[in-house]
Structures are given as C-alpha cells and as structure tokens.
There are 2 protein chains.
Amino acid sequence: MNRKIRVLLVDDHQIIRDGLSNMMLEAGDIEVCGCAADAATALEMAGKTNPDVVITDLSMPGRSGIDLIRKMAEKFPAIRVLVLSMYVSEDYIFNALKAGAKGYLPKQDTTKTELLKAVRTVAGGDEYFSDTAAQVISKLYSHNVRSAGNPESAARKANLTSRETEILRLYTEGLSNLEIADRLNISIRTVETHKNNIMQKYNFKSTVEMVKFAIRNKLGEA
Amino acid sequence: MNRKIRVLLVDDHQIIRDGLSNMMLEAGDIEVCGCAADAATALEMAGKTNPDVVITDLSMPGRSGIDLIRKMAEKFPAIRVLVLSMYVSEDYIFNALKAGAKGYLPKQDTTKTELLKAVRTVAGGDEYFSDTAAQVISKLYSHNVRSAGNPESAARKANLTSRETEILRLYTEGLSNLEIADRLNISIRTVETHKNNIMQKYNFKSTVEMVKFAIRNKLGEA
DNA sequence: TTAAAACTAAGGGATTTACGTAGGAAGGGT
DNA sequence: ACCCTTCCTACGTAAATCCCTTAGTTTTAA
C-alpha cells in the first residue's frame, strides 16, 4: 500500500552496483531510482531522482565519500545516507557520522537481510549501525569525541541565516506568509523571498518537507 | 522573543479564575486569552481565542469536565488540556487521561511555581503530572489498565474516514493536492474537499498544523 | 575600505489552495 | 420501500503562494 522506498546507489564498481540493485529489486518494497559511480553524478542524480535513501561507498574516484555525505546532507537534508564501506576504522565511521550519515555498514560482514533492514530503518527516519559500527560509536561517545555538538544538526543548520531560521520556525507554527510578515513587521514579499531562499538552500520540494525538516532539527515545536 | 503561551481558564468559580489569571499574568511569558465557567462556553472560547493550553477543573455545572476534555481533544487536537482538580482518585485521573488530558494537578497541593511549570511543559508538547497523579498513573500502567490502546490517539483518529486518513498520510509525504489526486486517480477538487473536511473536523487553522497532527499521531513519517 | 553576505522589497504571471456548494452511491434503520 | 446519514466525488470563484528576477540598504568579514 505504501510507496516504495527509493534508493540511489553510489559505488565505483559496476558489479557492486548491479548486485545491490538486484537485491533491492528482490525486496519488493524498495526501488532503485538511480546509480552513480562518483560523487558529482550522485549529487546530480539525487536532485533529479528524489531518492529516500542513498547507499554509498566511501572510496571513490575524485572527492571522498565523506565529502559526498556532507554535500548530500546540506543540499538534500531529507535524504538519508547509508554508508556501505570496506572501512571499519574509527576514523571513517566518525567522519561519516559527523558528515551526516544515518547508517554505517561494513562490506565485510553485512548480509543481504541486514542491508535491507538498514535501508528500511533509515528510510523510516531512524539510524542504523552494524554491531561493529555501533561499538565504535559508543566508544566515541564515551570518549566524548562528539561533544562539540550533534554532527547532523550542525551540518544541517549551518546554511541558514538567523532571519531564515526565525522565519522557518514561524512556518512550523502554522503561520501563513502574511501572518509571518505581520509578526515581524516586514513585507510579505520579504517573507516569500526568505522562504524561497530556504527552499533553495536545501532543495525542498514542498513546504511540508521544509516543516518536517525543521521539526526533526528541533527548530520548531514537535 | 518567543510568542507568549496562550491559556484558556475553565473553572466555575470566579475567584479561582481570577486568581489563576493573575498568576499567569505575573509569569510574563503566559497570556490569558479567555475564561469560561462551563464546558459549552469553554469550547466556544477555544474556537475563537486559539489557546495553546486549557486549564480546566473537572467539576462544573452541566456536562462533566471529562466530557469537555474529550470534546476539546476531538475538535482542537492542537490544544493541550491541563486538569487542575480537587479530585485525586484513580478514577478521575484515569478518565481525564483517557479523554486526552496532557497534565493533571491536584488543587490541594499545587504551588504557583508548579502550575506555571506545568503550563510551560504541556505548551511545549510534553505531558505534566504532579507527583501524586504520576503515582496513580504508574499504578494504572503496571496494572495494564490502559492496555486497550493509547487514549489520545484513539480519541483523535476516530473521526477520520479511511479515505481522509489516506489523503492525510500523503500530505505528510509532502505531496501537493495535484500529486495526491494523480496518485489516487481522482480530481484535485476531490482531494481539496477531503482536506477541507479533515481541517474542519479538527479545526485546523493551517496545512502545517494538520501535518504536525498527523505526524504526532503516527499517520505519516516523522 | 572594499567585497561579500544578509535583509529588505517589489513586479507579475503561473500555479496552487481555500472554501462554499452539491450530486450520487452505499448502508442502516423503520 | 423509503428516509436519513455518511462518504466520495466534483466544480467555480476568490485568495494565496510560487517562482524568477531585479535591486536598494545594511551588516559583516577580510
């Protein structure tokens, strides 16, 4: 009944893309909306194909996968990035997390079942980490390495100006453009402009998407 | 900086309304948008004055306070009801909770400080219960008395038809009227009408409010 | 001090929503 | 059979928002 989960696959090996693609198709509730072999293509595809989840490797030609995650989180905050990597070192996991990844799976020991479960989990808005990744993360937590603020919210809030943030919050209260304008004693045109800028910065496709983002990032009331 | 919390006071004793009103005014961040001495007036005022929180007694002339809570939750799900009652029996607390109350304070031993804290808490979307009320509630929980479904969601979902629920879910996905119409192969006019009906049933004042409601009630994604 | 970023505002047509009204089908009850 | 209610469907007009562009003013950072 529900809409299928749209997945964008990013990996520089064709055979892996095909293998993953196949798995997704078999799952039934998942749909592969695109594949990319490098970060630039991935970002382009993300804008065009509107995926729910991006599954990406970290080692790719050109810019690093971490960079891709960061850009993805900035430009398309509604998309959840799931890392499927051969690396299991603290460094990679930590950086992926900091860049905004919503899940981390090592290629070494991730089963098809687990991958599908992870896709569904992150698509549902939660995070998913393999046992090994989770261990690393908890170690990082206990060492307070992430103390300098939540990586995700930092990455996601960074681009908004204070005025934009304020206006976004008013949208989450359910106010109309005119009501916001009156509240702030500015022209409705200005409000529209600010909103437009917010929508563009994050590639939101609708007001609802924008509001959901704000709520997730605690900018407004739940 | 933030907008004041709007409170509607419901109690059949003038002196109590005045006393409470005074307390709210002193608080600075709270605003009394209206008072009512009975359930009917309270409901009318709720529709007109758009409060964030309703503070109500349970014993009132005419219909019971429990009934008021239920109606309030149905017609204005965005409004949080805080019960301030002389009763501390299981029965009253349980029924108030089942009807959709977001907080419960006994008149006997609630201080001004605690009342203000409770108002701010429920206004912020959380629940607030006095220690005595909380004890009763936990007892009820442990006895599994509330096992027959979450009272709030039951009360709040009841009025929507299946078609309306379906459409509401699509709104939470960020789809426009036209997109929903295409998805369901019906006219955009029909979608608009359904949405209108949803908005009227719950007295939503904006699409955003509707979507937030749906998310809170797990009708759509977070 | 100069360039960049942020805030403000507007034009103006295209698109989307809001809102009151209304017909037809299905189901229940008498 | 008949009425009554609920639900799903749909339209017309008025209002609001979207979208893309341009641009003046202020604030901030280099």
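Rules used throughout
Residues numbered from 1 in each chain as written. Chains lettered and ligands numbered in written order. Predicted model: local features only at pLDDT ≥ 70, side-chain atom pairs only at ≥ 80, totals over all residues. Heavy atoms only, no water. Near = heavy atom within 4 Å. Polar contact = N/O pair within 3.5 Å; in protein donor to acceptor, adjacent residues only side chain to side chain. Helix = DSSP H or I, 4+ residues; strand = E, 2+ residues; numbered from the N terminus. pLDDT = per-residue confidence, 0-100. Contact = heavy atoms within 4.5 Å. Axes fitted to C-alpha atoms, helices over the stretch in contact; angles between N-to-C directions. Parallel < 35°, antiparallel > 145°, perpendicular 65-115°, else oblique. Left-handed = near helix turned anticlockwise from the far one by under 90°. Nonpolar A, V, L, I, M, F, W, Y, C, P; charged D, E, K, R; others polar. Salt bridge = Lys/Arg side-chain N within 4 Å of Asp/Glu carboxyl O.

In the region of DNA strand D, 16 residues are neighbours, and Lys195(A), Thr161(B), Ser187(B), Arg189(B) and Thr193(B) sit closest. For DNA strand D, the backbone portion of the atoms within 4 Å of the protein, that is sugar and phosphate, comes to 55%. One nitrogen or oxygen atom from the side chain of Lys195(A) is found 2.5 Å from a phosphate oxygen belonging to DNA strand D. In the environment of DNA strand D, a base nitrogen lies 2.5 Å from a nitrogen or oxygen atom belonging to the side chain of Thr193(B). Elements supplying a minimum of two residues to the surface near DNA strand D: helix H10 (188–202) of chain A together with helix H8 (162–172) and helix H10 (188–202) of chain B.

Time to look at the confidence of the model for chain A. Residue and element names in this part refer to chain A. Mean pLDDT over chain A works out to 78, with 82% of the residues at or above the 70 mark. Ranking the elements of chain A by mean pLDDT puts helix H7 (residues 151–157) last with 35 and strand S3 (residues 53–56) first with 93. Contacts from residues 140–158, a stretch scored under 50 in pLDDT, to residues over four places away or in other chains number 29 contacts.

Attention now moves to the packing of helix H2 (residues 39–49) of chain B against helix H3 (residues 65–75) of chain B. Residues and elements named next belong to chain B. Running from N to C, H2 and H3 cross one another at 20°; their axes reach a closest spacing of 10 Å. Judged by the inter-axis angle, H2 sits roughly parallel to H3. Along this stretch, H2 crosses H3, giving a crossing that reads as right-handed. Note on element contacts: H3 touches H2 through Leu 68, Lys 71 and Met 72, opposite Ala 39, Ala 42, Leu 43 and Ala 46. When its residues are assigned to classes, the contact of H2 with H3 shows six nonpolar, no polar and one charged.

Let's shift gears to the packing of helix H8 (residues 162–172) of chain A against H10(A). Residue and element names in this part refer to chain A. At a closest axis distance of 10 Å, the pairing of H8 and H10 adopts a crossing angle of 95°. On the basis of the axis angle, H8 is roughly perpendicular to H10. From H8, Arg 163, Glu 164, Ile 167, Leu 168 and Tyr 171 reach across to H10, where they touch Val 191, His 194, Lys 195, Asn 197, Ile 198 and Lys 201.

So, on to the pattern of salt bridges. Residues and elements named next belong to chain A. All chains considered together, the criterion is met by 16 salt bridges over all chains. Where Glu 166 meets Arg 163, a salt bridge forms, and the shortest distance between an N and an O atom there is 3.0 Å. Separated by three residues within a single helix, Glu 166 and Arg 163 lie in helix H8, roughly one turn from each other. Taken together, the shared-partner salt bridges in this structure form one network comprising Asp 67, Arg 70 and Lys 71.

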